[in-house]
Amino acid sequence: ERVLGPNYFAKANAKRSITLNGPFMISQTGEYKEILPVFVMSKQIVDLDTLKKLGYVAFFISEASLSSDFEKNLSFDGEMDYFILSGDNKILSSSRKEVISSDFLELQGLSKQDTEVLTKQGSCIAGSGKNSIFYTVTSMEQYGWRVVYATSMASLMVSQYYVRGIVVVIGAAVCMIALIM
């Protein structure tokens, strides 16, 4: 309860199911003394005959373990970020570890209109020109979380510019061949 707070198990008991909460910032001891974000998965244990509460089982899951599957889906050029958000837009996990526990809307500077479009349509483009960012969102309803992927429009357009360049080169070559013949 020192790490999780005095009412953690009372809240978990109210749900009577497996709960996944976090991140909790846990201080490491030893040589590195890092502060690591961890999630806690817990379940109340009861005697099946009497339904008497016996205690709880809790597993501590590092944020890195939880986020590894999301990071596998990112592009290799580092132009895409993901954010796992709680219901109140708190960043629970992210490809940018330094922003964990921050408010997503404040961090990204999304307007109220952009937020509504993202929520209703599942995607939106915020900003303009070279600084515009494409957001997509997926709900994880079991936990009340959302996963938001963000990538710059410039990185999405790179392949389009490449194809356009190839078309121009091929077109120029065809024109030169036609002039020669």
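Keep in mind that what you see is a predicted model, and the values were worked out from it rather than measured. (Residues numbered from 1 in each chain as written. Predicted model: local features only at pLDDT ≥ 70, side-chain atom pairs only at ≥ 80, totals over all residues. Heavy atoms only, no water.)

1. Notes on the side chain of glutamate 63
Along the chain, the position of glutamate 63 falls in helix H2 (residues 63–72). Look past the residues within four positions of glutamate 63 in its chain and what remains in contact with it is Pro37, Val38, Phe39, Tyr82, Leu92, Ser93, Ser94, Lys97 and Ile100. (Helix = DSSP H or I, 4+ residues; strand = E, 2+ residues; numbered from the N terminus. Contact = heavy atoms within 4.5 Å.)

2. Here's the deal with the environment of glycine 144
On the secondary structure map, glycine 144 appears in the loop between strand E7 (133–140) and strand E8 (145–152). You can call glycine 144 partly exposed: its relative accessible area is 39%. Separated by 59 residues in sequence, glycine 144 and leucine 85 place their C-alpha atoms 8.7 Å apart. (Buried < 20%, exposed > 50% of the residue type's maximum accessible area, 1.4 Å probe, protein only.)

3. Observations concerning the pattern of salt bridges
Going through the model one piece at a time under the given rule, you end up with two salt bridges. Salt-bridge contacts for lysine 97 lead to glutamate 63; the nearest nitrogen and oxygen are separated by 3.0 Å. Here the residue lysine 97 occupies a position in the loop between strand E5 (91–94) and helix H3 (104–108), and glutamate 63 occupies one in helix H2, the gap between them amounting to 34 residues. Judged by relative accessible area, which is 3%, glutamate 63 ranks as buried. Between arginine 96 and glutamate 98 there is a salt bridge; the shortest N-O distance is 3.7 Å. (Salt bridge = Lys/Arg side-chain N within 4 Å of Asp/Glu carboxyl O.)

4. Here's the deal with the nonpolar core
With 12 residues, the main nonpolar core is built from Phe83, Leu85, Ile91, Val99, Phe104, Leu110, Leu118, Cys124, Ala126, Tyr135, Val148 and Ala150. Counting only elements with at least two residues in this core, the list comes to strand E4 (80–85), strand E6 (123–126) and E8. Aside from chain neighbours lying at most four places away, what touches alanine 150 is Glu79, Met80, Asp81, Phe83, Ile133, Phe134 and Tyr135. (Core = buried A, V, L, I, M, F, W, Y, C linked by side-chain atoms within 4.5 Å.)

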